[in-house]
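Descriptive analysis of the structure
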Amino acid sequence: MTPQIQKQAEQLENAAPFEILSWASETYGDKLAIVTSFQVTGIVTLHMMQRIAPPTPVLTLDTGLLFPETYDLMDKLEARFNLDLRRIKPRQTPAQQARDYGDRLWERNPDRCCHIRKTIPLRDALAGFDAWITGLRRDQSPNRAATPVVSRDARNGSIKIAPFANWTEDAIWRYIHNHDLPYNRLHNFGYPSIGCWTCTKAAREDEDPRSGRWAQHGKTECGIHFPLPEAVPSDVRV
Ligand code: SF4
């Protein structure tokens, strides 16, 4: 991060998301991408960016294992906002992965599965960009409580921007309802955070919003934001 960006990053720590998104667009132009899995924060991001820089590319990690409701939402938002939506797929289909690593890898080694289906594809997709926008928020989990608004993403060699780091779940939902934005129907059935159908369960209201993700493994992150505790073995052929 250059000293100038570092200084601006400090000034943006308490700025409003619209201001942060505007800065991101002015600073990085066509080298900026939005990365979203169509959680509610991502939808608010897409809505605000319609007023700032609608052509900004939108990258989503299509693992091939998403819920039908997620694919429906993706199609709906792509049409409504005329998005430049890029569905980033892993190099292997689920069947090819099963052939090489065994069936249901996500049950035996979800870190490796996420590495193959999310981390590596995102790294490849971000190669042409200098900065990316994420929907990370500090209230989502203890892991995310110190999320900076602007940071250096060493693994992907870029700048990561979390415009909604300071927003709460309630504020996001108010925005969604005030603007009558579509959202994943599974949120109405107790799923606060939605990933692959293979690794997502509903969560109780008194639980951490991300507790339904990889619930049987004590894992709460896929690895695209935080390095996984155990290095992925070098035999991963991706
Ligand atoms: S969320 Fe589950 S199925 Fe999806 S990539 Fe990660 S481990 Fe694999």
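Please refer to the structure higher up on the page.
In this report, the structure presented in the accompanying data block is examined. Because the structure is a prediction, the values reported are computed rather than measured. The residue count restarts for each chain, going from 1 along the sequence in the order it is written. Local features are withheld for residues below a pLDDT of 70 in this predicted model, meaning they are given only at 70 or higher, and side-chain atom pairs are given and counted only at 80 or more; totals for whole chains, interfaces and linings count all residues.

Nearness rests on one distance test: the residue's C-beta atom, set from the backbone, must lie within 6 Å of the molecule or strand. Every one of the 13 residues lining the ligand counts as a neighbour, but Trp106, Cys113, Cys114, Cys196 and Cys199 are closest to it. Runs of E in the DSSP output that reach at least two residues are strands. Runs of H or I that reach at least four are helices, and both are numbered from the N terminus. Sorting elements by how many residues they give to the shell around the ligand places helix H7 (residues 110-125) first, with 5 residues. Three residue categories are used. Nonpolar comprises Ala, Val, Leu, Ile, Met, Phe, Trp, Tyr, Cys and Pro, charged comprises Asp, Glu, Lys and Arg, and polar comprises the others, including Gly. Of the residues assigned to the shell around the ligand, the class counts are 8 nonpolar, 3 polar and 2 charged.

Attention now goes to unusual backbone geometry. A positive phi angle is found at phenylalanine 38, which is not glycine, with a value near 65 degrees. Structurally, phenylalanine 38 can be placed in the loop between strand E1 (32-35) and helix H3 (40-52). Our exposure labels follow a C-beta count within 10 Å of each residue's own C-beta, placed from the backbone: buried means 20 or more other C-beta atoms, exposed means 12 or fewer, and partly exposed covers the counts in between. For phenylalanine 38, a count of 23 C-beta atoms within 10 Å corresponds to the buried category. Residues other than glycine seldom take positive phi values, yet aspartate 180 does so here, at roughly 50 degrees.

Before going further, it helps to examine the pairing of strand E6 (residues 158-161). Consecutive residues of a regular strand have side chains that alternate between opposite faces of the sheet. DSSP calls a pair of strands paired once it identifies at least 2 bridges connecting them. Pairing analysis gives 3 bridges linking strand E4 (residues 131-133) to E6, with the strands arranged parallel. Within E6, the position partnered with alanine 131 by the bridge is isoleucine 159. Here strand E5 (residues 150-153) folds back onto E6 in antiparallel fashion, the turn holding 4 residues, of which glycine 157 has a positive phi close to 60 degrees.

Any functional reading would require information that these geometric values do not contain.
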